[in-house]
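One letter stands for each residue in the lines below.
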Amino acid sequence: MIDIKLLLHDFTLIAKNLAHRNINQQTLQSLQTLAYSIKTLKNQTESKQAEQNKLSKEYGNLIKNKADSAIIANYKQKLDALKEEIKQHSLQLIQEEEKLHTMLLTIPNILDSNTPIGKNENENIIIKEVGNPKQFSFTPKQHWELAEYNKWIDFEAGIKLAKSRFSVLRGNAARLNFALIAYMLDFNYKHGFEVCSVPVIVNEKSLLGSGQLPKFADDMFHLDNTLDEYGRGHNLFLISTSEISLVNLYQDTIIDIEDLPIMLTAYTPCFRKEAGSAGKDTRGIIRQHQFDKVELVAITKQEDSVAMQQKMVDHVSSLLESLELPHRLVQLCSGDIGFSACNTVDIEVWLPGQNCYREISSISNCSDFQARRAKIRYKDNGKNKLAHTLNGSSLAVGRTLVAIMENFQNEDSSIEIPKVLLQYL
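Summary of the structure given here. (Residues numbered from 1 in each chain as written. Predicted model: local features only at pLDDT ≥ 70, side-chain atom pairs only at ≥ 80, totals over all residues. Heavy atoms only, no water.)

## Examining the overall build of the protein
Part 1 of the reasoning: Within the protein, the regular secondary structure consists of 12 helices and 18 strands.
Part 2 of the reasoning: Dimensions along the principal axes, computed over C-alpha positions, put the protein at roughly 105 × 50 × 45 Å.
Part 3 of the reasoning: By the burial criterion, 50% of the 425 residues in the protein qualify as buried.
Part 4 of the reasoning: The long-range share in the protein, meaning contacts at least 24 apart out of those at least 6 apart in sequence, stands at 74%.
Part 5 of the reasoning: Carbon and sulfur atoms provide 49% of the accessible area of the protein, an area that totals close to 21600 Å².
Part 6 of the reasoning: Taken as two groups, the 48 positive and 52 negative side-chain charges of the protein have centres that lie 5 Å from each other. (Helix = DSSP H or I, 4+ residues; strand = E, 2+ residues; numbered from the N terminus. Buried < 20%, exposed > 50% of the residue type's maximum accessible area, 1.4 Å probe, protein only. Contact = heavy atoms within 4.5 Å. Areas by Shrake-Rupley, 256 points an atom, 1.4 Å probe, with all protein chains shown as cover. Lys, Arg positive; Asp, Glu negative; His and termini not counted. Charge placed at Lys NZ, Arg CZ, Asp CG, Glu CD.)

In structure tokens:
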């Protein structure tokens, strides 16, 4: 969530920034008008409360001094009218503050100065390429062809058990999938990330905190409302990324500054409806409704988040290097960046079967956007400050499996295994 104070004090600058994210000025002007209305209403309410306090004191003195009953009755009438007026102002204030909060939830993060301006993914900037794609003496196959030959992935079983965009990994594919998860968690742990095991079902408050709701409601698997042992209702969802669970571990928390940075990693299955992606990646396991992912999350002081983002990019790049997978780093432009991020670097792995690079991780700095929504703070010299949060995949496990299949294939369609994974099989 953006800071409404910035919008009030630097409207032109913020409006120009968010225009690159397709937020029109009229929407921001409505926010500004509502914020000013709330400010005016607060001032009026405080003024009337001060007047009420003064009248109450005078009214008490009149009673104490046994003043004329008509004068006392007149003061009481004024007090009752003032109390009712304050009550109405307070109700209006609550309604307008709720309206402002709801509107703010739909506004994306403000871009940082290092995010290039562009309309779409075609205007992203390639930072560098890491590793040289293997030159094959034959035409490399795509992963679903290799999966069929090796009997690694059963697509029809996925449809039978659920529906399209679900699949079943069999035999060596399943073993390699679990080996990748174990290797990634070990790799992250050795580089300072605390390993966590978190719920894959979360409540609405958690999704609001990390920014998935209300923006991505159509992409979430929403479970039926359930009641707890006390009869209280819970609006529950399957997670689309363990970022949600990891970030919200510190929801409504004031963190000791000595405990920062906090670096976390977790493996979970993830679930997405893939709304709006009809016709994209219908073959294979590039875009599934259920997929495995190892996630990275960091929580830092405000001044440390830029350096942390670079550290996470370098970390994921070195992970891919250890797996002998060529990849490139791509700076996302304003037209392609995610809702909660102020800056994002994508890491794209080379897929020789498809003859292109495909995203396998996005390392995003969300600045104080999620922290403001989830109320994640730290105490610095006695003052509470909003933390900065960062997240990134380390890695999307299914896409890593695809990359290994295509990069390590032989002419007879057999598949070799990266050396670092052999001890996990």
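## A closer look at the packing of helix α7 (residues 172-190) against helix α10 (residues 305-322)
Part 1 of the reasoning: For the pair α7 and α10, interaxial distance at closest approach is 11 Å and the crossing angle is 135°. Between α7 and α10, the interaxial angle falls into the category oblique. Both α7 and α10 take part in a crossing whose hand is right-handed. In contact with Tyr-183, Met-184, Phe-187 and Asn-188 of α7, α10 contributes His-315, Ser-318, Leu-319 and Ser-322.
Part 2 of the reasoning: In terms of residue class, the contact of α7 with α10 is made up of 4 nonpolar, 4 polar and no charged. (Axes fitted to C-alpha atoms, helices over the stretch in contact; angles between N-to-C directions. Parallel < 35°, antiparallel > 145°, perpendicular 65-115°, else oblique. Left-handed = near helix turned anticlockwise from the far one by under 90°. Nonpolar A, V, L, I, M, F, W, Y, C, P; charged D, E, K, R; others polar.)

## Section: the pairing of strand β11 (residues 262-271)
Part 1 of the reasoning: Taken across its 10 residues, β11 has 8 buried, putting it largely inside the fold.
Part 2 of the reasoning: For strand β4 (residues 194-196) and β11, the ladder comprises 3 bridges, and the chain directions are parallel. Across the sheet, the residue bridging to Glu-194 is Leu-264, located in β11.
Part 3 of the reasoning: With 10 bridges connecting them, β11 and strand β12 (residues 290-300) associate as antiparallel partners. Along β12, the bridge assignment pairs Tyr-267 with Val-294. (Pairing = 2+ DSSP bridges.)

## Considering the environment of Thr-344
Part 1 of the reasoning: Tracing the chain through its elements places Thr-344 in strand β14 (residues 343-351).
Part 2 of the reasoning: Taking the C-alpha atoms as reference points, Thr-344 and Ser-367, separated by 23 residues in sequence, lie 11 Å from one another.
Part 3 of the reasoning: Residues contacting Thr-344, with those up to four places away along its chain left out, are Gln-309, Val-330, Gln-331, Leu-332, Ile-337, Ser-362, Ile-363 and Ser-364.

## Things to note about the sheet that holds strand β6 (residues 221-222)
Part 1 of the reasoning: Sheet architecture is open: 3 strands sit in the order β5-β9-β6, paired in antiparallel fashion. In this open sheet, the two strands that pair with only one neighbour each are β5 (201-203) and β6.
Part 2 of the reasoning: Here β5 runs beside strand β9 (residues 236-238); their pairing, made up of 3 bridges, is antiparallel. When the sheet's bridge partners are listed, Asn-203 is paired in β9 with Leu-236.

## Re the pattern of salt bridges
Part 1 of the reasoning: By the definition in use, this model includes 13 salt bridges.
Part 2 of the reasoning: Here Glu-274 ties to Arg-287 by a salt bridge, and the two come within 3.5 Å at their closest N and O atoms. Placement of the pair is Glu-274 in the loop between β11 and β12 and Arg-287 in the loop between β11 and β12, with a sequence separation of 13 residues. Accessibility assignment for this pair places Glu-274 and Arg-287 in one class, buried.
Part 3 of the reasoning: Between Lys-301 and Asp-304 there is a salt bridge, with its nearest N and O atoms 3.9 Å apart.
Part 4 of the reasoning: Taking the relative accessible area as the measure of exposure, Lys-301 reaches 23% and is therefore partly exposed. (Salt bridge = Lys/Arg side-chain N within 4 Å of Asp/Glu carboxyl O.)

## Focus: the side chain of Thr-300
Part 1 of the reasoning: Structurally, Thr-300 can be placed in strand β12.
Part 2 of the reasoning: Judged by its relative accessible area of 1%, Thr-300 is buried.

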